[in-house]
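Coordinate analysis (summary)
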Amino acid sequence: MLLEKYTSNWILYFAKLKGAIENNLTGFEYQIEHIGSTAVPNLDAKPIIDIDISYDNESDFEKIKSGLLKIGYYHNGNQGIENREVFKRNKKTSHPILDTISHHLYVCLKNSEPLQRHLLMRNFLRNDDSARLQYQTMKYELAKKANQNKKLYAALKELNTNAFIDNIIQKERKKTSNKQSYR
């Protein structure tokens with residue numbers, strides 16, 4: 001089955017991954033965020049932990065990259081999404097946590113559009129049960145349409161969820177903008 005029922009283990013897996021990564025990134029400011037569906041309580045998902053490392057100063061990217069290379073990642077470019085860099089395991093080194101918990105790792109500037117989209121979507125779904133259930137239903141329908149094929153599911157999800165996500169993000173940005181204009 002492509003999608004799995006929500007489990008609080010995903011929060012524990014994120015904490016383990018975060019700890020392993022933090023042990024190798026020192027001497028500068030950054031944040032590590034649990035994003036994606038596994039970061040949303042009660043949302044069924046593919047059991048892959050999505051992680052964003054964000055940083056303030058552009059010069060810190062090379063420090064992050066160097067730290068990640070040392071623990072067995074390689075830089076895989078932006079994979080077509082500007083201002084979001086992808087890191088993958090290199091399979092040449094072994095790590096008891098990083099190689100046993102399935103995850104995607106992204107590195108973004110703090111104010112980048114991809115990071116803001118990830119955080120707005122995660123936070124909205126955490127706080128809106130109706131949207132969370134609607135999103136979950138859509139994901140199950142896409143998994144069924146894809147006949148549980150991971151690559152086809154990913155392509156269908158990309159095509160079908162962008163409008164849903166864009167709508168959520170637009171609502172969240174409008175809400176944030178309204179709050180700031182009342183100050």
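Residues numbered from 1 in each chain as written. Predicted model: local features only at pLDDT ≥ 70, side-chain atom pairs only at ≥ 80, totals over all residues. Heavy atoms only, no water.

Let's shift gears to the layout of surface pockets. In this model, the largest pocket occupies a volume close to 1,600 Å³. Lining the largest pocket we find 50 residues, and of these Lys46, Asp50, His104, Tyr106 and Lys157 sit closest to its centre. At the level of secondary structure, the elements contributing two or more residues to the lining of the largest pocket comprise strand 4 (85–89), strand 5 (103–109), helix 3 (113–127), helix 4 (129–145) and helix 5 (150–181). Broken down by element, the residue count for the lining of the largest pocket peaks at nine residues, all from helix 5. Within the lining of the largest pocket, the residues separate by chemical class into 24 nonpolar, 11 polar and 15 charged. (1 Å grid on protein atoms, 1.4 Å probe; cavity = no way out; pocket = protein on both sides within 12 Å on 5 of 7 lines; lining within 4 Å. Points joined across faces, edges and corners; volume = space filled by probe spheres on them. Helix = DSSP H or I, 4+ residues; strand = E, 2+ residues; numbered from the N terminus. Nonpolar A, V, L, I, M, F, W, Y, C, P; charged D, E, K, R; others polar.)

Turning our attention to the side chain of Arg122. Along the polypeptide, Arg122 turns up in helix 3. Dropping the residues within four chain positions of it, Arg122 is found in contact with Glu33, His34, Ile35, Ala39 and Val40. (Contact = heavy atoms within 4.5 Å.)

A separate point is helix 4. In a regular helix each residue adds 1.5 Å, so 17 residues correspond to 24 Å; helix 4 covers 24 Å between its end C-alpha atoms and thus fits that length. For helix 4, every residue scored as buried is listed here: Ala131, Arg132, Tyr135, Gln136, Met138, Lys139, Leu142 and Ala143. Relative to the axis of helix 4, the buried residues are bounded by an arc of 160° and lie together on one face. Facing away from the buried side of helix 4, by more than 90 degrees, are the exposed residues Ser130, Glu141, Lys144 and Lys145. Between the side-chain oxygen of the N-cap and the backbone nitrogen of Ser130 there are 3.1 Å, and the N-cap of helix 4 in question is Asp128. Taken from the residues just after helix 4, Asn147 is the one with a positive phi, measuring 55°. (Expected span 1.5 Å × (residues − 1). Buried < 20%, exposed > 50% of the residue type's maximum accessible area, 1.4 Å probe, protein only. Arc of directions from axis to C-beta. Polar contact = N/O pair within 3.5 Å; in protein donor to acceptor, adjacent residues only side chain to side chain.)

For the structure shown, the criterion picks out five aromatic pairs. Ring centres 6.2 Å apart and planes at 40° place the aromatic pair Tyr55 and Phe61 in the tilted group. A relative accessible area of 8% means that Tyr55 is categorised as buried. Pairing Phe61 with Phe87 gives two aromatic rings, centres 6.2 Å apart and planes at 50°, and the pair type is tilted. With Phe61 in helix 2 (residues 60–70) and Phe87 in strand 4, this pair connects stretches of sequence that are 26 residues apart. An aromatic cluster of at least three residues, connected via ring pairs, comprises Tyr55, Phe61 and Phe87. (Phe/Tyr/Trp six-rings, centres within 6.5 Å; stacked < 30°, edge-to-face > 60°.)

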